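Report on the structure
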Amino acid sequence: MSGRFQGILDTITRVRGVRGAMIVACNDGLVVADSLMEGVRGNAVAALASSLIKHAANATAASGAGAPQFLHLQGSRGALLAVSGRSEILIVAVAEPSVNVGLVRLELIRAAEAVN
Amino acid sequence: MTRTYAVDPWVEKPLATFVDEAGARLALLMTPAGQVIAQHGFTRAVDVMAAAALGAGIVASTGEVAKLLDEPLFSVLNHQGERHGILLGGFDTPRGRMVCLAVYGPESSPGIVQLFFEEFSRDVRDACPAPEAPKQVLAADFERELNESLSALFRT
Amino acid sequence: MADDVKRMTAELVRDPSSLVFLRLGEVLRADGQVEAARKVALTGLERHPDLVDAHDLYARILVDADDVEHARRVWNGVLQLDPRHQGAHMGVGFLHYSRGDLDAALDHLELALAADPTNKSVVQALHAVRDVAESVVSEEPEDAFAGFEGQDRGILLVDRQGRALNGNVLGTEGRDTKDEVAAHLAGVTQEMERTARMLNLGEWKWLIVEADNGNAHLTPPDAASLLWVVRDRDMPSGRLALLADRAGAAARTWLEAQHL
């Protein structure tokens, strides 16, 4: 992975409770770059996050809300957060359930801007 | 109706799960020589045979490219078109190497198909019984076996 | 059309196993040539007994021939083999509608829409049957979210099969889109469940989506339903979550009343 992407992802993984961050090609659901703790399946995160945001986009578009910019799936044992960037990329983070969502969201948005 | 059919019953469940999870419209499991083991979504034997022959051809060609590059065999090949994508992936099992050809639409993605292909290859490896003892193949046996395989694949 | 029929017939003669019989049967049916369409469908079914689309075509031909009971049996058989088959749900919905059983017709049309939310003919059929159903209901169903801030913008309770239960959502230009949204939410939920399972996130609790023109919040008020709350971007996600909590409590009260 290039040093530039590594630096961008490191700012996200430095947030306490974040177990991994990645840049994903949204249409393909494939990993562009990642920084993951052991046990986090990068290819699964990329494929599932992009598929989930596509499904959510159908619901928000039909609800007159337009295209998703930020998505947060909260589970009892963890959370998945994603921000849409330009050029069909997603910045995705996998985190502990008690993570500071506001801070991760900010870092994801900054990362998306930096990648753009 | 689109149903999953297999020559060997132990393949049916893993293939049906793969098709369901990956959102594949068509799927074919075969040997690298193009002998079909299971199929989903095809309604005509002629289409299965053509797809198997073309898939086997691609596997053979990429295998030769890998040799030229001094690489191990490529495991997955993914092409994405405007309306359909195809995945062609190989994996080893106790009964030798198998190849999966899957066709998917825009409701799926290369990432999703690849992810569940990995699960599928693991499920097939786990479900695969030990290899049978090799037997002599006579021309008449070959024809009979081919007909039996086609019957199983289309429940004719 | 005659040229089309000739061309497809020739193709079928050349390759009797061709699936072109599906289009040929449909074209003949649409032209009122019911007997010819029936022959084409039956010949195709002999070659492709497992092809549910062929059974679906045959059932529609049977309806044209006024053999409604036979059509019902064929469609029920299709749904046993493929419970999400859109054509069969539309067909069974139509039969219920013809009999005046509007609730059952709506159930099947909503399942048809869930199978493909982009099919405009299903949306139109659903709206038409819903209009009829609303005109014959003397008492409006109780609004579970009456009095909620901005309730008309979007508070929608749906079941896990993608059918609207209560509330409403307005799409662009103020169009009522609750049926489309309900169908999409079933897909979103299946994807969330799969994601949570495969990434070891545990049981999913909620989904927040901040979009270009609005924010949305999805929660499960109980094991069988989903609640979708949409507001404009000026309502922050945190406040939207509080609103969704209150709406969830109202939804549970309404659901419990339905079970009594």
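Relevant structure appears above.
Residues numbered from 1 in each chain as written. Chains lettered and ligands numbered in written order. Predicted model: local features only at pLDDT ≥ 70, side-chain atom pairs only at ≥ 80, totals over all residues.

Here we come to the overall build of chain B. Per the secondary structure count, chain B includes four helices and six strands. Along chain B, helices (α) and strands (β) appear in the sequence β-α-β-β-α-β-β-β-α-α when read from the amino end. Burial statistics for chain B: of 156 residues in total, 34% are counted as buried. Taking as baseline every contact in chain B between residues at least 6 positions apart, the subset at least 24 positions apart corresponds to 57%. (Helix = DSSP H or I, 4+ residues; strand = E, 2+ residues; numbered from the N terminus. Buried ≥ 20, exposed ≤ 12 C-beta atoms within 10 Å, placed from the backbone. Contact = placed C-beta atoms within 7 Å.)

Turning next to unusual backbone geometry. The residue D70 of chain B is not glycine, and still its phi comes out positive at about 60°. Relative to the helices and strands, D70 of chain B resides in the loop between α2 (45-68) and β4 (76-80). Of the residues examined, D70 of chain B has 6 C-beta atoms within 10 Å and is grouped as exposed. For N200 of chain C, which is not glycine, the phi torsion reads 55° and is therefore positive. A count of 14 C-beta atoms within 10 Å places N200 of chain C in the partly exposed class.

Residue and element names in this part refer to chain A. All of the buried residues along helix α1 (residues 3-13) are I8, L9 and I12. Viewed end-on, α1 has its buried residues packed into an arc of 90°, placing them on one side of the element. Exposed and oriented more than 90 degrees from the buried face of α1 are G3, Q6, G7 and D10. Buried residues along α1 sit against β1 (18-25), β2 (30-36), β5 (89-95) and α3 (101-115). (Arc of directions from axis to C-beta.)

Here the focus is the sheet that holds strand β3 (residues 68-75) of chain A. Pairing in this open sheet of 10 strands is antiparallel, and the strands run β2(A)-β1(A)-β5(A)-β4(A)-β3(A)-β3(C)-β4(C)-β5(C)-β1(C)-β2(C) from one edge to the other. A single partner strand is all that each edge strand has here, and the edge strands are β2 of chain A together with β2 (164-169) of chain C. Between one strand axis and the next, the sheet turns through 15° on average, direction left out of account. With seven bridges connecting them, β3 of chain A and strand β3 (residues 204-211) of chain C associate as antiparallel partners. (Pairing = 2+ DSSP bridges. Axes fitted to C-alpha atoms, helices over the stretch in contact; angles between N-to-C directions.)

So, about the nonpolar core. Counting residues in each nonpolar core, the largest one holds 154 residues, and the members touching the most others are A49 of chain A, A102 of chain B together with W228 of chain C. With 13 residues, the top contributor of residues to this core is helix α2 (residues 42-62) of chain A. Contacts of A49 of chain A, omitting those with residues within four sequence positions, involve V24, L80, A82, L90 and V92 of chain A. (Core = buried A, V, L, I, M, F, W, Y, C linked by C-beta atoms within 7 Å.)

All names here are of chain B. Read across the open sheet, the six strands follow the order β1-β3-β2-β6-β5-β4; overall the sheet is antiparallel. Each edge of the open sheet carries a strand with a single partner, namely β1 (4-6) and β4. The sheet shows a mean angle of 10° between the axes of neighbouring strands, taken without regard to direction. Bridge count for strand β2 (residues 24-30) against strand β6 (residues 96-104) is six bridges, and the pairing is antiparallel.

Let's shift gears to the interface of chain C and chain A. If you look at the interface, chain C gives 36 residues, while chain A gives 30 residues. Going through the elements one at a time, α10 (178-198), β3 and β4 (214-219) of chain C are the ones with two or more residues in the side of chain C that touches chain A. Among the elements that take part in the side of chain C that touches chain A, α10 of chain C stands out by supplying 12 residues, more than any other. Taken together, the residues that form the side of chain C that touches chain A break down as 18 nonpolar, 11 polar and seven charged. (Nonpolar A, V, L, I, M, F, W, Y, C, P; charged D, E, K, R; others polar.)

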